[in-house]
Amino acid sequence: MNEEDRLTTIETQIAHQDQQIQELNAVITEQWKVIDALKAKLLRAEDKLEELRYRSETGDGEGLSPTEIAARDKPPHY
């Protein structure tokens with residue numbers, strides 16, 4: 001294998017690796033978007049659960065458990 005063939009082989013490998021890095025970066029970026037959305041949903045769920053717990057403890061829930069309060073307060077489309 002002469003020097004020119006060797007250099008061409010190395011350049012080809014580097015080009016493939018660069019493409020793979022770009023594809024991996026795109027996947028990671030998309031995963032971070034999904035993770036951020038899931039974190040936001042989790043925070044909203046935790047807030048709602050805390051609100052239900054507070055209402056249950058303060059008597060606003062009329063002695064109902066958090067599950068019973070959630071069932072009572074479900075949106076009309078359920």
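Here the structure is shown first, and the text comes after it.
Residues numbered from 1 in each chain as written. Predicted model: local features only at pLDDT ≥ 70, side-chain atom pairs only at ≥ 80, totals over all residues. Heavy atoms only, no water.

Student: Even after reading the chapter, I still don't get the overall build of the chain, so can you show me in this structure?
Tutor: What the chain contains, in helices and strands, is 2 helices and 0 strands. For 78 residues, the compact-globule formula gives about 12 Å, and the C-alpha radius of gyration of the chain, at 27 Å, lies well above that figure. For the chain, the spread of C-alpha atoms along the principal axes amounts to about 85 × 25 × 15 Å. Of the roughly 7,000 Å² of accessible surface on the chain, 57% is carried by carbon and sulfur atoms. Where the 10 positive side-chain charges of the chain centre and where its 17 negative ones centre are 10 Å apart. (Helix = DSSP H or I, 4+ residues; strand = E, 2+ residues; numbered from the N terminus. Rg over C-alpha atoms; globule rule 2.2 N^0.38 Å. Areas by Shrake-Rupley, 256 points an atom, 1.4 Å probe, with all protein chains shown as cover. Lys, Arg positive; Asp, Glu negative; His and termini not counted. Charge placed at Lys NZ, Arg CZ, Asp CG, Glu CD.)

Student: Honestly, a nonpolar patch on the surface in this entry has me stumped. Any pointers?
Tutor: A contiguous nonpolar patch, built from Ile28, Trp32 and Ile35 and spanning about 290 Å² of accessible area, is present on the exposed surface. Inspection of the secondary structure assignment puts Ile35 in helix H1 (residues 3-58). (Patch = residues over 30% accessible without salt bridge, like charges linked within 9 Å, V, L, I, M, F, W, Y side chains within 5 Å. Salt bridge = Lys/Arg side-chain N within 4 Å of Asp/Glu carboxyl O.)

Student: Could you clarify how one ought to interpret H1 in this entry?
Tutor: Owing to its 3.6 residues per turn, the α-helix aligns residues three or four sequence positions apart on the same side. Helix length check: H1 (56 residues) gives 81 Å between terminal C-alpha atoms against 82 Å at 1.5 Å per residue, within 8%. At the N-terminal end of H1, a side-chain oxygen is found 3.2 Å from the backbone nitrogen of Glu4, two or three residues along, and the residue is Asn2. (Expected span 1.5 Å × (residues − 1). Polar contact = N/O pair within 3.5 Å; in protein donor to acceptor, adjacent residues only side chain to side chain.)

Student: What's the story with the pattern of salt bridges in this structure? I'm lost.
Tutor: Working definition: two side chains of opposite charge can pair if their charged atoms are close together. Taken as a whole, this structure holds 2 salt bridges when the rule is applied. Residue Glu3 pairs with Arg6 through a salt bridge whose shortest N-O separation is 3.8 Å. Here Arg6 and Glu3 lie together in helix H1, a separation of 3 residues that amounts to about one turn. Its relative accessible area of 59% is what places Glu3 among the exposed residues. Arg6 gets classed as partly exposed once you look at its relative accessible area, which sits at 44%. Between Glu50 and Arg53 there is a salt bridge, with its nearest N and O atoms 3.2 Å apart. Linking Glu50 with Arg53, this pair stays in helix H1, spanning 3 residues, or about one helical turn. (Buried < 20%, exposed > 50% of the residue type's maximum accessible area, 1.4 Å probe, protein only.)

Student: Quick question: what am I supposed to make of the environment of Met1 here?
Tutor: Looking at the secondary structure, you find Met1 in the segment before H1. Residue class for Met1 comes out exposed when judged on its relative accessible area of 76%.

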